[in-house]
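# Reading the structure
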Amino acid sequence: MKKEVKKEQLPKGALRFVEYGESCCAFAEKEEGKKPRLNMTAYSGKVIKGHWYWGDLVFNLEGVKMAAPKIPILEEHFTDARIGFTSRLIKSNEEGLRVDPDKTKFLDNEVADKFIKDSTEGFPFQSSVYIRPIDIPRLAPKESMEVNGFTFKGPGTVFLKSAIKE
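Conventions we followed
- Residues numbered from 1 in each chain as written.
- Predicted model: local features only at pLDDT ≥ 70, side-chain atom pairs only at ≥ 80, totals over all residues.
- Heavy atoms only, no water.
- Helix = DSSP H or I, 4+ residues; strand = E, 2+ residues; numbered from the N terminus.
- Rg over C-alpha atoms; globule rule 2.2 N^0.38 Å.
- Buried < 20%, exposed > 50% of the residue type's maximum accessible area, 1.4 Å probe, protein only.
- Contact = heavy atoms within 4.5 Å.
- Areas by Shrake-Rupley, 256 points an atom, 1.4 Å probe, with all protein chains shown as cover.
- 1 Å grid on protein atoms, 1.4 Å probe; cavity = no way out; pocket = protein on both sides within 12 Å on 5 of 7 lines; lining within 4 Å.
- Points joined across faces, edges and corners; volume = space filled by probe spheres on them.
- Nonpolar A, V, L, I, M, F, W, Y, C, P; charged D, E, K, R; others polar.
- Pairing = 2+ DSSP bridges.
- Arc of directions from axis to C-beta.
- Polar contact = N/O pair within 3.5 Å; in protein donor to acceptor, adjacent residues only side chain to side chain.
- Axes fitted to C-alpha atoms, helices over the stretch in contact; angles between N-to-C directions.

### Description of the overall build of the chain
In terms of regular secondary structure, the chain is built from one helix and 19 strands. For 166 residues, the compact-globule estimate of 2.2 N^0.38 gives 15 Å, and the C-alpha radius of gyration of the chain, at 17 Å, lies within 12% of that figure. Viewed in the frame of its principal axes, the chain has a C-alpha envelope of about 55 × 30 × 25 Å. Looking at the chain residue by residue over its 166 residues, the buried ones come to 42%. By sequence separation, contacts in the chain at least 24 residues apart represent 63% of the contacts at least 6 residues apart. Taken as a whole, the chain presents about 9900 Å² of accessible surface, with 51% of it coming from carbon and sulfur.

Pasting the structure below:
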(Lines give C-alpha, C1' and ligand atoms only; values in the text may rest on other atoms or scores of the structure.)
Protein backbone atom coordinates (compact mmCIF):
# COMPACT_ATOMS: atom_id res chain seq x y z
CA MET A 1 0.00 0.00 0.00
CA LYS A 2 1.24 3.48 -0.85
CA LYS A 3 2.01 5.73 2.10
CA GLU A 4 1.97 9.52 1.94
CA VAL A 5 4.77 11.45 3.63
CA LYS A 6 3.76 14.38 5.81
CA LYS A 7 5.62 17.41 4.52
CA GLU A 8 5.98 19.10 7.91
CA GLN A 9 8.13 16.16 9.09
CA LEU A 10 10.89 16.72 6.52
CA PRO A 11 14.39 17.23 7.91
CA LYS A 12 16.52 20.13 6.76
CA GLY A 13 18.35 19.32 3.56
CA ALA A 14 15.92 16.58 2.46
CA LEU A 15 14.84 18.71 -0.52
CA ARG A 16 18.25 19.20 -2.17
CA PHE A 17 19.08 16.63 -4.81
CA VAL A 18 22.08 15.84 -6.95
CA GLU A 19 22.63 13.10 -9.50
CA TYR A 20 26.29 12.27 -9.84
CA GLY A 21 27.74 11.57 -13.23
CA GLU A 22 27.58 13.17 -16.63
CA SER A 23 23.80 13.41 -17.00
CA CYS A 24 23.29 16.46 -14.75
CA CYS A 25 25.71 19.16 -15.65
CA ALA A 26 25.81 22.88 -16.33
CA PHE A 27 27.98 24.94 -18.63
CA ALA A 28 27.97 28.18 -20.54
CA GLU A 29 27.90 28.12 -24.33
CA LYS A 30 29.68 31.07 -25.91
CA GLU A 31 29.51 32.11 -29.54
CA GLU A 32 31.48 35.06 -30.82
CA GLY A 33 29.42 38.24 -30.81
CA LYS A 34 26.58 36.71 -28.76
CA LYS A 35 25.72 36.62 -25.07
CA PRO A 36 26.59 33.35 -23.33
CA ARG A 37 23.76 30.81 -22.94
CA LEU A 38 23.28 28.36 -20.09
CA ASN A 39 23.11 24.69 -20.96
CA MET A 40 21.91 22.91 -17.82
CA THR A 41 20.28 19.57 -17.13
CA ALA A 42 18.95 19.73 -13.59
CA TYR A 43 17.55 16.18 -13.43
CA SER A 44 17.86 13.26 -15.84
CA GLY A 45 14.34 11.89 -15.31
CA LYS A 46 15.82 8.60 -14.07
CA VAL A 47 16.05 7.05 -10.59
CA ILE A 48 18.14 8.86 -8.00
CA LYS A 49 19.57 5.85 -6.15
CA GLY A 50 19.87 5.70 -2.37
CA HIS A 51 18.97 9.25 -1.32
CA TRP A 52 19.76 9.56 2.40
CA TYR A 53 16.13 10.39 3.29
CA TRP A 54 13.91 9.23 0.40
CA GLY A 55 15.72 6.06 -0.68
CA ASP A 56 15.40 5.42 -4.41
CA LEU A 57 13.56 8.42 -5.82
CA VAL A 58 11.98 9.64 -9.06
CA PHE A 59 10.54 13.07 -9.85
CA ASN A 60 7.58 12.80 -12.22
CA LEU A 61 8.60 15.26 -14.93
CA GLU A 62 5.00 16.02 -15.89
CA GLY A 63 4.31 17.06 -12.29
CA VAL A 64 7.32 19.39 -11.88
CA LYS A 65 6.34 23.07 -11.86
CA MET A 66 8.31 26.22 -11.18
CA ALA A 67 7.70 27.59 -7.67
CA ALA A 68 7.72 31.16 -9.05
CA PRO A 69 7.66 32.83 -12.48
CA LYS A 70 11.46 33.14 -12.27
CA ILE A 71 13.66 30.73 -10.35
CA PRO A 72 17.24 31.39 -9.30
CA ILE A 73 20.33 29.61 -10.53
CA LEU A 74 22.77 29.54 -7.64
CA GLU A 75 26.20 28.16 -6.96
CA GLU A 76 26.01 25.43 -4.30
CA HIS A 77 22.48 26.59 -3.26
CA PHE A 78 23.95 29.73 -1.65
CA THR A 79 21.69 32.76 -2.10
CA ASP A 80 24.68 35.09 -2.06
CA ALA A 81 26.29 33.16 -4.98
CA ARG A 82 23.83 34.11 -7.72
CA ILE A 83 24.63 33.03 -11.27
CA GLY A 84 21.36 33.89 -12.99
CA PHE A 85 17.70 32.98 -13.28
CA THR A 86 15.29 31.24 -15.64
CA SER A 87 11.65 31.69 -16.51
CA ARG A 88 11.14 28.36 -18.31
CA LEU A 89 12.00 24.69 -17.88
CA ILE A 90 12.06 22.10 -20.64
CA LYS A 91 10.88 18.59 -19.71
CA SER A 92 11.24 15.40 -21.74
CA ASN A 93 11.65 11.72 -20.92
CA GLU A 94 14.70 11.60 -23.21
CA GLU A 95 16.58 14.65 -21.91
CA GLY A 96 15.14 15.10 -18.41
CA LEU A 97 14.54 18.47 -16.77
CA ARG A 98 16.49 21.25 -18.45
CA VAL A 99 16.75 25.01 -18.18
CA ASP A 100 15.57 26.76 -21.36
CA PRO A 101 18.66 28.68 -22.54
CA ASP A 102 16.45 31.17 -24.42
CA LYS A 103 14.58 32.05 -21.22
CA THR A 104 17.62 32.17 -18.94
CA LYS A 105 19.73 35.19 -18.05
CA PHE A 106 23.21 35.31 -16.57
CA LEU A 107 23.74 38.08 -14.04
CA ASP A 108 26.50 40.64 -14.42
CA ASN A 109 28.54 39.72 -11.35
CA GLU A 110 31.77 37.95 -10.34
CA VAL A 111 30.08 34.62 -9.56
CA ALA A 112 28.40 34.41 -12.98
CA ASP A 113 31.54 35.62 -14.77
CA LYS A 114 33.64 32.95 -13.01
CA PHE A 115 31.10 30.22 -13.87
CA ILE A 116 31.07 31.29 -17.54
CA LYS A 117 34.88 31.42 -17.71
CA ASP A 118 35.49 28.14 -15.89
CA SER A 119 32.80 26.17 -17.74
CA THR A 120 33.90 27.38 -21.19
CA GLU A 121 37.41 26.22 -20.27
CA GLY A 122 35.97 22.77 -19.60
CA PHE A 123 35.38 22.64 -15.85
CA PRO A 124 32.73 19.92 -15.26
CA PHE A 125 30.08 21.68 -13.16
CA GLN A 126 27.55 19.34 -11.54
CA SER A 127 23.98 20.58 -11.26
CA SER A 128 21.58 19.97 -8.40
CA VAL A 129 18.05 21.08 -7.57
CA TYR A 130 15.95 22.21 -4.64
CA ILE A 131 12.47 20.72 -5.10
CA ARG A 132 9.49 20.93 -2.75
CA PRO A 133 7.26 17.85 -3.05
CA ILE A 134 3.49 18.25 -3.17
CA ASP A 135 2.27 14.68 -3.80
CA ILE A 136 4.65 11.99 -2.47
CA PRO A 137 3.65 8.32 -2.67
CA ARG A 138 6.05 5.75 -1.26
CA LEU A 139 6.14 2.44 -3.07
CA ALA A 140 6.52 -0.76 -1.09
CA PRO A 141 8.60 -3.67 -2.38
CA LYS A 142 6.91 -5.29 -5.40
CA GLU A 143 4.82 -2.15 -6.08
CA SER A 144 5.53 -0.24 -9.27
CA MET A 145 4.48 2.91 -11.08
CA GLU A 146 4.85 4.21 -14.64
CA VAL A 147 6.80 7.45 -14.53
CA ASN A 148 8.91 9.35 -17.10
CA GLY A 149 8.48 6.60 -19.68
CA PHE A 150 9.67 3.67 -17.56
CA THR A 151 8.41 1.40 -14.78
CA PHE A 152 9.76 2.41 -11.38
CA LYS A 153 9.78 -0.53 -8.98
CA GLY A 154 9.59 -0.14 -5.21
CA PRO A 155 10.71 0.22 -2.62
CA GLY A 156 11.09 3.89 -3.34
CA THR A 157 9.53 7.31 -3.50
CA VAL A 158 7.92 9.27 -6.33
CA PHE A 159 7.38 13.01 -6.31
CA LEU A 160 4.21 12.96 -8.44
CA LYS A 161 3.79 16.73 -8.14
CA SER A 162 6.51 19.11 -7.03
CA ALA A 163 7.71 22.69 -7.23
CA ILE A 164 11.30 23.49 -8.19
CA LYS A 165 12.60 26.43 -6.17
CA GLU A 166 16.19 26.71 -7.49
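Next comes the rest of the account.
### Re empty space enclosed by the protein
Going through the model one piece at a time under the given rule, you end up with one cavity of 30 Å³ or more. A volume near 30 Å³ is recorded for the largest cavity. Lining the largest cavity are Phe17, Val18, Glu19, Cys24, Ala42, Tyr43, Ile48, Phe59 and Val129. Of all the secondary structure elements, the ones that give two or more residues to the lining of the largest cavity are strand 2 (16-18) and strand 4 (37-43). Here the lining of the largest cavity is built from residues that sort into eight nonpolar, no polar and one charged.

### Considerations on the pairing of strand 17 (residues 150-153)
Remember that side chains alternate between the two faces of the sheet whenever the strand is regular. Bridging between strand 16 (residues 144-147) and strand 17 involves four bridges; their strand directions are antiparallel. Residue pairing in the sheet places methionine 145 in a bridge with phenylalanine 152 of strand 17.

### Considerations on helix 1 (residues 110-120)
Residues Ala112, Phe115, Ile116 and Ser119 constitute the buried set of helix 1. Relative to the axis of helix 1, the buried residues are bounded by an arc of 95 degrees and lie together on one face. Residues Glu110 and Lys114 are exposed on helix 1 and point more than 90 degrees away from its buried face. Turning to helix 1, the residues buried within the fold contact strand 3 (25-29), strand 4, strand 9 (82-86), strand 12 (104-106) and strand 13 (125-126). Capping the start of helix 1, asparagine 109 holds a side-chain oxygen 3.1 Å from the backbone nitrogen of valine 111, two or three residues further along. In the segment just after helix 1, glycine 122 is the residue with positive phi, at about 105 degrees.

### Remarks on the layout of surface pockets
Estimated volume of the largest pocket: approximately 410 Å³. Met40, Leu74, Gln126, Ser127 and Ser128 are the residues nearest the centre of the largest pocket, which is lined by 23 residues in total. Sorting the residues of the lining of the largest pocket by element identifies strand 4, strand 8 (71-74), strand 9, strand 13 and strand 14 (128-135) as the ones contributing at least two each. Among the elements that make up the lining of the largest pocket, the one with the highest residue count is strand 8 (four residues).

### Comments concerning the sheet that holds strand 8
Read across the open sheet, the three strands follow the order 8-9-12; overall the sheet is antiparallel. Edge positions in the sheet fall to strand 8 and strand 12, since each of these pairs with one other strand and no more. Averaged over neighbouring strand pairs, the angle between their axes works out to 25 degrees when direction is ignored. The pairing of strand 9 with strand 12 spans three bridges and is antiparallel. Along strand 12, the bridge assignment pairs threonine 86 with threonine 104. Together, strand 9 and strand 12 form the strand contacts of helix 1, whose direction differs from that of strand 9 by roughly 85 degrees.

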